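Spelled out, the chains give:
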Amino acid sequence: MSEQSTDLRETVRQRYAAAAVKVTEGGSACCGPEPVEVDENFGSTLYAADERDTLPAEAVAASLGCGNPTAVAELREGERVLDLGSGGGIDVLLSARRVGPAGKAYGLDMTDEMLALALANAEKAGARNVEFLKGTIEAIPLPASTIDVVISNCVINLSVDKPAVFAETFRVLRPGGRIGVSDVVADDALTPEQRAERGDYVGCIAGALSFSEYRAGLEAAGFRDVEITPTHSVAHGMHSAIVRATKPTTSVAASKARHSDDACCGVNACCTASETSADPAMTVTEAKGASGCGCQR
């Protein structure tokens, strides 16, 4: 990771650590904690009142997202859900209720202060089917093909390595799994410099991908049926958007996963006497041709 990327990640961590501390220490006995200050395009007001009223006040106050991914992920009983950048836990707790006791909701965050707040909120909510993990969204600490749904609320735009986020998300999803993400997305006409003029990186603006960049990144990771639907403006040419996509159930998905893990050019033991196709449905020649391999001998 470059020095600039490391600095950006630390800036993001510090901002969200400070938000967690504010919520934890800023409560009053009568009214509960004051929400973290954000404008009308971000925060807990994007959730329905009946959802907010059933959660610990601290979980609501710590909400800094640009949407409500649990409202669009179509969660079902018994599913396993992962929230990238789970913060104070609002989306994990809502997800846990939707998937029920037979399901499970994971939250992943890199900030100790947010994780401590989320654990306290889960205890207050009496949520037993939740688990919070420390780590980065570029290196998810879960096994491959174990998650049914990945959600995230205005966090992927903060990543310093978005291709890694998309690849890791694809890896942990089971075949047929899906994503339901709220994120900030820029008009295709805006350059990175113009996006930076509209807001800073930790404010979820400067690091945002354009619509076409977001789609291309997901498809490069292997996702299909990509839908990016803007919901409201957060700055000129910048939008909160709902992002949906699925991991294919076909052998193509498995081939891509094996290729990324231990296969070269769509084959195992490439260019040796023991090479075999990573996709049993293809010959070695077909696999190399499909992958665009340059060593097709």
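Just so you know, these numbers come straight off a predicted model, no measurement behind them.

1. Observations regarding the nonpolar core
Counting 31 residues, the largest nonpolar core has L82, I179, Y214, L218 and F223 as the members making the most contacts within it. Among the secondary structure elements, those contributing two or more residues to this core are strand 1 (80-84), strand 2 (104-109), strand 4 (147-153), helix 6 (162-172), strand 5 (173-186), helix 8 (211-221), strand 7 (224-235) and strand 8 (238-246). Apart from the residues lying within four places of it in its own chain, the contact partners of Y214 are I156, F166, V181, D183, V185, L209, I228 and V243.

2. A short note on the pairing of strand 1
Among the five residues in strand 1, four count as buried, and that is most of the element. Of the strand pairs in this sheet, strand 1 and strand 2 are connected by five bridges, and their pairing is parallel. From the neighbouring strand, R80 faces strand 2, where its bridge partner is K104. In this view, the connection linking strand 1 to its parallel neighbour strand 2 by way of helix 4 (residues 90-99) has right-handed handedness. Pairing between strand 1 and strand 4: four bridges, direction parallel. Counted as the bridge partner of D83 is I151 from strand 4.

3. Digging into the packing of helix 6 against helix 8
Following both chains from N to C, one finds helix 6 and helix 8 inclined at 45 degrees, their axes separated by 9 Å at the closest point. With respect to helix 8, the element helix 6 is oriented oblique. The chirality of how helix 6 crosses helix 8 is right-handed. Only Y214, G217, L218 and A221 of helix 8 make contact with helix 6, whose side of the interface consists of F166, A167 and F170. In terms of residue class, the contact of helix 6 with helix 8 is made up of six nonpolar, one polar and no charged.

4. Details of the packing of aromatic side chains
Under the defined criterion, the tally for this structure stands at two aromatic pairs. Relative to Y214, the ring of F166 lies with its centre 5.4 Å away and its plane at 50 degrees, an arrangement referred to as tilted. Separated by 48 residues along the polypeptide, F166 in helix 6 and Y214 in helix 8 bring together distant segments of the chain. Of the two residues examined, F166 and Y214, each falls in the buried class. The residue whose ring lies beneath K247 is F170, and the NZ or CZ to ring-centre distance is 4.7 Å.

5. Comments concerning helix 5 (residues 112-125)
The first and last C-alpha atoms of helix 5 sit 20 Å apart over 14 residues, in line with the 20 Å expected at 1.5 Å per residue. Among the residues making up helix 5, those that are buried are M114, L115, L117, A118, N121 and A122. Here the buried residues of helix 5 occupy an arc of 160 degrees about the axis, which is enough to place them on one side. In helix 5, the exposed residues that point more than 90 degrees away from the buried face are L119, E123 and K124. Once helix 5 finishes, G126 follows within two positions and takes phi at roughly 70 degrees, a positive value.

6. Quick word on helix 8
If you check which residues of helix 8 are buried, you get F211, Y214, G217, L218 and A221. Down the axis of helix 8, the buried side of the element spans an arc of 135 degrees, and every buried residue falls inside it. Looking at the buried positions of helix 8, the neighbouring elements they touch are helix 6, strand 5, strand 6 (209-210), strand 7 and strand 8. In the segment just after helix 8, G222 is the residue with positive phi, at about 115 degrees.

7. Re unusual backbone geometry
Even without glycine at this site, C154 takes up a positive phi of about 60 degrees. You can call C154 buried: its relative accessible area is 1%. In the Ramachandran plot, D225 falls in the positive-phi region, its phi being about 55 degrees despite a non-glycine side chain. Structurally, D225 can be placed in strand 7. For D225, a relative accessible area of 59% corresponds to the exposed category.

8. Considerations on the confidence of the model for the protein
Here the protein averages 77 in pLDDT, while 61% of its residues score no lower than 70. Summarising per-element confidence for the protein, the mean pLDDT is lowest in helix 9 (residues 251-261) (45) and highest in helix 8 (97). Predicted confidence is poor over residues 27-39, with pLDDT under 50, and the contacts of this stretch with residues over four places away or in other chains come to 21 contacts. Counting contacts from residues 251-262, a segment whose pLDDT is below 50, to residues more than four positions away or on other chains yields 15 contacts.

9. Notes on the pairing of strand 4
On a regular strand, each side chain points to the face opposite its neighbour's, so the side chains alternate between the two faces of the sheet. The element strand 4 is extensively covered by neighbouring structure, given that seven of its seven residues are classed as buried. Relative to strand 5, strand 4 runs parallel, the two being bridged by six bridges. When the sheet's bridge partners are listed, V150 is paired in strand 5 with I179.

About the criteria used
Residues numbered from 1 in each chain as written. Predicted model: local features only at pLDDT ≥ 70, side-chain atom pairs only at ≥ 80, totals over all residues. Heavy atoms only, no water. Core = buried A, V, L, I, M, F, W, Y, C linked by side-chain atoms within 4.5 Å. Buried < 20%, exposed > 50% of the residue type's maximum accessible area, 1.4 Å probe, protein only. Helix = DSSP H or I, 4+ residues; strand = E, 2+ residues; numbered from the N terminus. Contact = heavy atoms within 4.5 Å. Pairing = 2+ DSSP bridges. Right-handed = clockwise from strand over helix to strand, strands pointing away. Axes fitted to C-alpha atoms, helices over the stretch in contact; angles between N-to-C directions. Parallel < 35°, antiparallel > 145°, perpendicular 65-115°, else oblique. Left-handed = near helix turned anticlockwise from the far one by under 90°. Nonpolar A, V, L, I, M, F, W, Y, C, P; charged D, E, K, R; others polar. Phe/Tyr/Trp six-rings, centres within 6.5 Å; stacked < 30°, edge-to-face > 60°. Lys NZ or Arg CZ within 6 Å of the ring centre and 35° of its normal. Expected span 1.5 Å × (residues − 1). Arc of directions from axis to C-beta. pLDDT = per-residue confidence, 0-100.

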